[in-house]
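One letter stands for each residue in the lines below.
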Amino acid sequence: MNGSGANSVLLRASGVTKRFPGVVANDDITLEVQRARVHCLLGENGAGKSTLADLFYGVHEPDEGVIELRGEPIHMVSPRDAIAAGIGMVRQHFELVTPMSVLENVVIGTRGEAKVDLRTARVRLGELCDLYGVEVDLDTPVGDLAVGQQQWVEILKALYLGCEVLILDEPTAVLTPEGIERLFTTLRRMASEGLTIVLITHKLHEVMEISDDVTVLRRGRVVRTSLTSEVTMAGLTRMMVGRDVDLDIDVAEASRGDLVLDVSGLDVATESGRGSLKQVSLVVHEREILGIAGVSGNGQDALFDVLVGMQPAAAGTIVVDGQDMAELSPAARLDLGVASVPADRIHQGLMMDFRISENLILGRQRSDRFGRRGWLNQNDIARFADDSFANYDIAAPSPTHVTRVLSGGNLQKIVMARELAGQPRLLIVHQPTRGLDIGATEYVRRRLVEERDRGAAILLISEDLDELLNLSSRIAVMFDGRIVGEVDRRDATIDRIGMWMAGVSGTPGEAPP
Amino acid sequence: MSAGISNAPGTSSGSLLRRAGWRLERRLEVKPWHEVVTLVGAFIIGLAICSILIAASDKSVVDSYRALFDGAFGSRRAIYETLVQATPLIFTGLAAAFAFRAKVWNIGGEGQFFAGAMGAYFVSDLWSGVLPRGVMVPVLFIGAAAAGALWASIAGVLKARYDTNEIITTVMLNFIILLILSYLLGDLWRSPDTFYFQTVTLPESTHLPLMIGGSRLHWGFGIAAAMAVVVYVVLRRTALGYEVRGVGINRTAGSYKGISVPRVTVLVMAISGALAGLAGAAELAGVHHRLQLDISNNFGFVGIIIALIGRLHPAGVVVSAIAFGALVNGAVTMQIQTGIPAALVDVIQGLSLIFVLTGAVAVRYRLQRTRTDESLPALADPTDE
Ligand SMILES: Nc1ncnc2c1ncn2[C@@H]1O[C@H](COP(=O)(O)OP(=O)(O)OP(=O)(O)O)[C@@H](O)[C@H]1O
Ligand SMILES: [Mg+2]
């Protein structure tokens, strides 16, 4: 605990314990958040960060201990109480009404009035947007916004309801580097206006950049709260996972083998036209990782969907091992050995109401590995689940629990475990380490390289440039639905890729065509 | 409007629950026993509320419910009769439950019941003279299942192909099949010795054997119970069942991982229709022995209620079907002995459904003891509704 400035403590958890069936998610946590500062919570997947945030937000109530606000114990039964007390939160998985407009989503949280005056609301919201530099069209249905934008809607909602403390649960996981920069600028402005920010993130450099204080959680307990200026990234890592982790993993050169994926002249139309694909051509060989860089919304989703068979190609071919699969169903592509990890794991990758063990076999429920002639073999499934739990260090009481209880990072581990286990010929991964703690990130990256060395062809779509530069054999950059440049890893520089990502084609020094 | 909400902690207007030191907490995992409690609780509350109605009409609640119970379970005979009533409901309940698991809203159980009965009649009419009973009865069930499946598949294919709303198509198909049946009963299938819309009585070789000699309890009940086990095993232990449940939970993720949602939809509709069709066969070959327009006591529709009350679980379906059979059966005795109209059981059914549906939401929460530390200042309104 910080002895200094005790009278500026705004929010405090003292001796807080929260148990769920089978786990102690928060174990005797004492934590102080100072007024008008940015306080980061750091910890492995399943360490209890979201749970602690939920306790601050009234989603849960502590089994033991109390939450105090301005030195007074407060007793919250639901987020309404938290909001009324001036605590706002953007949860890890958003809570928006997607068919409704931004404006409607924001005012929906106000209560007590029979009639909502949209005109006044619009004015007030406009002021808030101006004050904090938020750019979002108030009349767009939220469902049409990119995730990063949806997050701004959540933030606006909290601000609109008049929060004094704003809790953000892994906000940067869904943002581009520019988006993160914008968010951080805004957060700093908020802090200088007197708002108190609690921020959860897995990225150490973000902790170093934005926060004033940092608290590390481990297995539900507080390891330590420090001034950010007094800690180092390596020190935080050790506190968090108990060992050193180097994310920049050693990737040996591999000699690439036969051609596996050959995409040429691919056009994909989308309804809005945004994020469509235009004349995309690329190749991936055995023992090769092709990285796809780009600011999100430049066609990555369409590329992923068209490759796995969820969107039709308007033109072009997708050849895998000599066979054009452009017309094949997702199932037929699975049979060709195409595995995929979608970016939106909750909606596209998982059945939240299945048991964890059931999710681990999704897509392979008819394979001989887990049964025969349409019968499922429970023993094989259980054994596979146990292996996955061990290999990926999945934090859950048991594989028979419902998937819903998993923490965000552990959900991603389930998807990764499932997709990598099938020894795919072609692996298409979209944001594979989003939301993972550094230990798990390291593990997943190593596994991707192992898969490469086993002989898989890997298409890695990511917004994390460090990840791409570390793992890829070659990096292609998407902009506005096209591949605007491609470069060997040896020749790749952040500058060059950054230029392409901004839509400038050609190589630095050359005049763009 | 005043947009901002006061930042000051409000005054104490805690809910009753909270003042008593309890709070509701959302639980992510619902265990089987929670479901059992919901089901039993709903029936009990349904009965309890109806006891107010009984008392209001100046009848003795105790006597009425005793009569109801005696009529349903008071003697061997009563029990067998209850099971006879439950038999078609188990089939139609399973039919609805199976479809609903995949979020395929088959409301056409009634029509599929008739399709099944017609299929059964058709093959009986064709072969009852040539096939021995040991073969005829299974064939008749197969005919019913096929007819029910076929009829339901129309809606299944329309949904899979053209994304037609299956609620509307299955309901419309109910009307259509009844019209076809009336036409047939008035014409081709009409018994020559009657003016009624009914067929001839089918020969012995088509009659379902009795489970208990001297009662009306036929093997349809045994088959229905067996089908409940089959449905359970299919849902839990087979890839098809996995896909059916998966499509019900998240069809997007299912499609990404290669589950063909249209294919599953058609299959689910067909299987659901087949199950409802079996009910038609059981009633035709086990009870009526001739086809007429009133062989269904709304079995297809009541099956939907049974499925919902049974929480879409085969065991739940069997239990609630038997409970409904008991109500229907006991109500007759109650009416005779106390004069309370048998329609009261419809009220009990309706109330039970409401409470099961409420309970289904309620079990998602658990009551937790909070510290009864009254010194803690309460905040503004909690979640009391
Ligand atoms: N409602 C719940 N019911 C049961 N278990 C839960 C529930 N919520 C969380 N848990 C468990 O509590 C532990 C802590 O989860 P929490 O979501 O707080 O982790 P986290 O630190 O936010 O992790 P991540 O970085 O992966 O988001 C996990 O083991 C999780 O499975
Ligand atoms: Mg979390």
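Residues numbered from 1 in each chain as written. Chains lettered and ligands numbered in written order. Predicted model: local features only at pLDDT ≥ 70, side-chain atom pairs only at ≥ 80, totals over all residues. Heavy atoms only, no water.

Caption draft 1: Representation of the domain arrangement of chain A. All names here are of chain A. Considered domain by domain, chain A is made up of domain 1 (9–231) and domain 2 (259–501). Summarising the inter-unit geometry, the C-alpha centres of domain 1 and domain 2 are found 30 Å apart. With 20 residues of domain 1 at the contact, the number on the domain 2 side is 20 residues. Interface area for domain 1 against domain 2, summed over the two sides, is near 1,400 Å², with a carbon-plus-sulfur share of 52%. Where domain 1 meets domain 2, there are 0 salt bridges. Classifying every residue of the side of domain 1 that touches domain 2 gives 8 nonpolar, 8 polar and 4 charged. (Domains from an automatic or database assignment. Contact = heavy atoms within 4.5 Å. Buried area = accessible area lost by both parts, 1.4 Å probe. Salt bridge = Lys/Arg side-chain N within 4 Å of Asp/Glu carboxyl O. Nonpolar A, V, L, I, M, F, W, Y, C, P; charged D, E, K, R; others polar.)

Caption draft 2: View of the sheet that holds strand S1 (residues 9–20) of chain A. Residues and elements named next belong to chain A. Ordered in space as S2-S1-S4-S5, the 4 strands form an open sheet in which the pairing is antiparallel. Looking at the sheet topology across the chains shown, the edges are occupied by strand S2 (23–34) and strand S5 (72–74). Neighbour-to-neighbour, the strand axes of this sheet turn through a mean angle of 30°, independent of strand direction. One ladder, built from 5 bridges, connects S1 with strand S4 (residues 64–69); its direction is antiparallel. Its bridge partner lying in S4, Arg12 is registered against Glu68. (Pairing = 2+ DSSP bridges. Helix = DSSP H or I, 4+ residues; strand = E, 2+ residues; numbered from the N terminus. Axes fitted to C-alpha atoms, helices over the stretch in contact; angles between N-to-C directions.)

Caption draft 3: Main features of the sheet that holds strand S20 (residues 457–461) of chain A. Residue and element names in this part refer to chain A. Pairing within the open sheet is mixed, and its 6 strands lie in the order S16-S19-S20-S13-S21-S22. Because the sheet does not close on itself, it has two edges, and the strands there are strand S16 (338–341) and strand S22 (482–488). Averaged over all adjacent pairs, the angle separating strand axes in this sheet is 15°, with direction ignored. Strand direction decides the pairing type here: strand S13 (residues 288–293) and strand S21 (residues 474–479), joined by 4 bridges, are parallel. If you follow Leu290 over to S21, its bridge partner there is Arg474. Helix H9 (residues 300–308) contacts S13, S16, strand S19 (426–430), S20 and S21 of the sheet and is inclined by roughly 150° relative to S19. Contacts from helix H17 (residues 494–501) reach S13, S21 and S22, with the element oriented near 25° to S21.

Caption draft 4: Looking closely at the packing of helix H4 (residues 118–132) of chain A against helix H6 (residues 177–192) of chain A. Residues and elements named next belong to chain A. Here H4 crosses H6 at 100°, and the two axes come no closer than 9 Å. Between H4 and H6, the interaxial angle falls into the category roughly perpendicular. Between H4, through Asp130, Leu131 and Tyr132, and H6, the contact on the second element is made entirely by Thr186, Arg189 and Met190. The class makeup of the residues in the contact of H4 with H6 is 3 nonpolar, 1 polar and 2 charged. (Parallel < 35°, antiparallel > 145°, perpendicular 65-115°, else oblique.)

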